[in-house]
Amino acid sequence: MSEPLFDRVALIGIGLIGSSLAHNIRAHGLARHIAITTRRAETLKRAEELKLGDSYHLDAAEAVRGADLVILCVPVGSCGAVTKEIAGALEPGAIVTDVGSVKGAVVQQMRPHLPETVHFVPAHPIAGTEQSGPDAGFRELFENRWCILTPPDGTDAEAIDRLKRFWEGCGSTVEIMTPDHHDLVLAIVSHVPHLIAYNIVGTAADLETVTQQEVVKFSASGFRDFTRIAASDPTMWRDVFLSNREAVLEMLARFSEDLASLQRAIRWGDGDTLFELFTRTRAIRRGIIEAGQDTAEPDFGREHGRHEPERK
Ligand SMILES: NC(=O)c1ccc[n+]([C@@H]2O[C@H](COP(=O)([O-])OP(=O)(O)OC[C@H]3O[C@@H](n4cnc5c(N)ncnc54)[C@H](O)[C@@H]3O)[C@@H](O)[C@H]2O)c1
Ligand SMILES: O=C(O)C(=O)C[C@]1(C(=O)O)C=C[C@@H](O)C=C1
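The chain appears in an unreviewed UniProt entry as prephenate dehydrogenase from Aurantimonas marianensis. Turning to the chain, the UniProt record has this under Catalytic activity (unreviewed entry): "prephenate + NAD(+) = 3-(4-hydroxyphenyl)pyruvate + CO2 + NADH". In the Sequence similarities (unreviewed entry) part of its UniProt record, the chain is described as follows: "Belongs to the prephenate/arogenate dehydrogenase family."

Rendered as structure tokens:
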């Protein structure tokens, strides 16, 4: 087995992403020591029961002392406060990174607190489920998934390369882009789809009780997929929408315009418009499958709660 890439990794926050990283670091020998810290004693105890790390700390500064890789795995709205808390204990030369679903706001929150002696390389694995907490993590989460790095201009190339190798060690393919571009792309492929899911499930839930029962009874796979997404962590997603406000609002405006034109097509019986759109979107789905990017294999995903169990 080759030498571990890092000596000590500090994982701050041990939910779905933090615990999945812990499984990977262990399984692929990516670091000699995993130090885990989180806010609540109860969560830390659970992480210890699951044997996710080598040391456990309620004090985040204590966890990052001596670490050559520090990964913030907390909701994006907490990244600034956490960085402030650990700043004084960071080792010179350490790589500081995160996994947040929004990049511009996270960079803005974290950067002012970081000493010049560390390398700041923000990251976002495009992989997740609707589950949260330390029990939710699993080793295969990042396999064949993208991880986007958004290093600020002038970041040490060796630090970027080391973090790239770390994510490759977790099974991901790494791409580099600016935080603004990341936020625009993710607004349309991840953030707005989540908002649509929250909204449609909310609309169904507000229907009359008798109809609501029918919603549960007759929900076929399309609606069930929405309910899975709409079960995603409320804190995480509140923070995502508040942190990526502009890009989300821009994409929502376009979405609403397109929805209005579909509404018009239905009203006026314009079948050609509907048919043309549905043909184009079908081709997009087929393109994703041909590119091998539909990684939600039923058996594997179901085991980890990525899919609803088979209906009885
Ligand atoms: N869930 C996903 O699908 C997914 C995918 C990619 C990236 N992300 C990003 O990863 C990050 C973590 O998400 P998750 O799904 O692992 O969430 P999670 O709710 O499963 O875990 C979050 C962890 O952070 C801890 N925490 C919260 N506030 C804290 C604070 N101030 N100080 C210390 N610990 C704190 C919680 O106790 C918990 O252990 C988020 O920024 C999210 O945007 C999530
Ligand atoms: O599969 C899911 O449950 C997800 O929502 C994962 C998903 C996504 O939208 O693709 C959610 C948020 C992340 O920042 C990255 C990945």
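### Considerations on the sheet that holds strand β9 (residues 173-176)
Here three strands make up an open sheet; going across it, the order is β7-β8-β9 and the pairing mixed. Strands with a single pairing partner mark the edges of an open sheet, and in this sheet they are β7 (123-125) and β9. The average undirected angle you get between the axes of adjacent strands in this sheet is 20 degrees. Two elements, β7 and strand β8 (residues 146-149), share three bridges in a ladder whose sense is antiparallel. Looking at β8, one finds that Pro-125 is bridged to Cys-147. Along the sheet, helix α6 (residues 157-169) contacts β7, β8 and β9; its crossing angle with β8, the most-contacted strand, is approximately 165 degrees.

### Digging into the environment of Ala-35
Assignment of secondary structure puts Ala-35 in strand β2 (residues 31-37). Given the relative accessible area of 0%, Ala-35 is considered buried. In sequence terms Ala-35 and Ala-60 are 25 residues apart; their C-alpha atoms lie 9.6 Å from each other. Those residues in contact with Ala-35, other than ones at most four positions away along the chain, are Arg-8, Val-9, Ala-10, Leu-11, Ser-55, His-57 and Ala-63.

### Considering the site of ligand 2
Inspection of the region around ligand 2 gives Ser-101, His-124, Pro-125, Ala-127, Gly-128, Thr-129, Glu-130, Ser-190, His-194, Arg-228, Met-236 and Trp-237 as its neighbouring residues. Ser-101 is positioned such that a nitrogen or oxygen atom in its side chain is 2.7 Å from an oxygen atom of ligand 2. At 2.6 Å from an oxygen atom of ligand 2 is found a side-chain nitrogen or oxygen belonging to Ser-190. Classifying every residue of the shell around ligand 2 by side-chain character gives four nonpolar, six polar and two charged.

### Concerning the site of ligand 1
As a matter of local geometry, ligand 1 sits amid 25 residues, with Leu-16, Ile-17, Val-74, Ser-101 and Gly-133 nearest to it. The separation between an oxygen atom of ligand 1 and a polar main-chain atom of Leu-16 is 2.9 Å. Residue Ile-17 places a main-chain N or O atom 2.9 Å away from an oxygen atom belonging to ligand 1. Starting from 830 Å² of accessible surface for ligand 1 in isolation, the protein chains cover 89%. Along the lines of polarity and charge, the residues of the shell around ligand 1 split into twelve nonpolar, twelve polar and one charged.

### Side note on helix α11 (residues 245-267)
With 23 residues, α11 ought to run about 33 Å at 1.5 Å a step, and its terminal C-alpha atoms sit 32 Å apart, in line with that. Note on α11: the residue one or two positions beyond its end, Gly-269, has a positive phi of about 65 degrees.

### Quick notes on the side chain of Thr-155
Examined against the element boundaries, Thr-155 turns out to sit in the loop between β8 and α6. Among the polar contacts made by the side chain of Thr-155, one reaches the main-chain carbonyl oxygen of Pro-152 at a distance of 2.5 Å. When sequence neighbours within four positions are dropped, the list of residues in contact with Thr-155 reads Phe-120, Val-121 and Ile-160.

### Let's talk about the domain arrangement of the chain
According to the domain assignment, the chain contains domain 1 (6-177) and domain 2 (181-301). If you average the C-alpha positions of domain 1 and of domain 2, the two centres end up 29 Å apart. In this complex, domain 1 contributes 22 residues to the contact, which on the side of domain 2 involves 18 residues. Between domain 1 and domain 2, a total of about 1,500 Å² is buried, with carbon and sulfur atoms accounting for 64% of that surface. Sorting the residues of domain 1 by area buried against domain 2 places Ser-101, Val-102 and Glu-130 first, and these three jointly supply 34% of that buried surface. Scanning the region where domain 1 abuts domain 2 turns up one salt bridge.

### Details of the pairing of strand β4 (residues 69-72)
Here β4 shows two buried faces, one formed by Leu-69 and Ile-71 and the other by Val-70 and Leu-72. Here β4 pairs with strand β5 (residues 95-98) via four bridges, running parallel. For Val-70, the partnering residue across the bridge sits in β5 and is Val-96. Handedness of the crossover is the feature at issue here: the chain leaves β4, passes through helix α4 (residues 79-86), returns alongside β5, and the resulting connection is right-handed.

What counts, and where the lines are drawn
- Residues numbered from 1 in each chain as written.
- Chains lettered and ligands numbered in written order.
- Predicted model: local features only at pLDDT ≥ 70, side-chain atom pairs only at ≥ 80, totals over all residues.
- Heavy atoms only, no water.
- UniProt positions renumbered as here; feature names shortened; annotations may be inferred.
- Pairing = 2+ DSSP bridges.
- Helix = DSSP H or I, 4+ residues; strand = E, 2+ residues; numbered from the N terminus.
- Axes fitted to C-alpha atoms, helices over the stretch in contact; angles between N-to-C directions.
- Contact = heavy atoms within 4.5 Å.
- Buried < 20%, exposed > 50% of the residue type's maximum accessible area, 1.4 Å probe, protein only.
- Near = heavy atom within 4 Å.
- Polar contact = N/O pair within 3.5 Å; in protein donor to acceptor, adjacent residues only side chain to side chain.
- Nonpolar A, V, L, I, M, F, W, Y, C, P; charged D, E, K, R; others polar.
- Areas by Shrake-Rupley, 256 points an atom, 1.4 Å probe, with all protein chains shown as cover.
- Expected span 1.5 Å × (residues − 1).
- Domains from an automatic or database assignment.
- Buried area = accessible area lost by both parts, 1.4 Å probe.
- Salt bridge = Lys/Arg side-chain N within 4 Å of Asp/Glu carboxyl O.
- Right-handed = clockwise from strand over helix to strand, strands pointing away.

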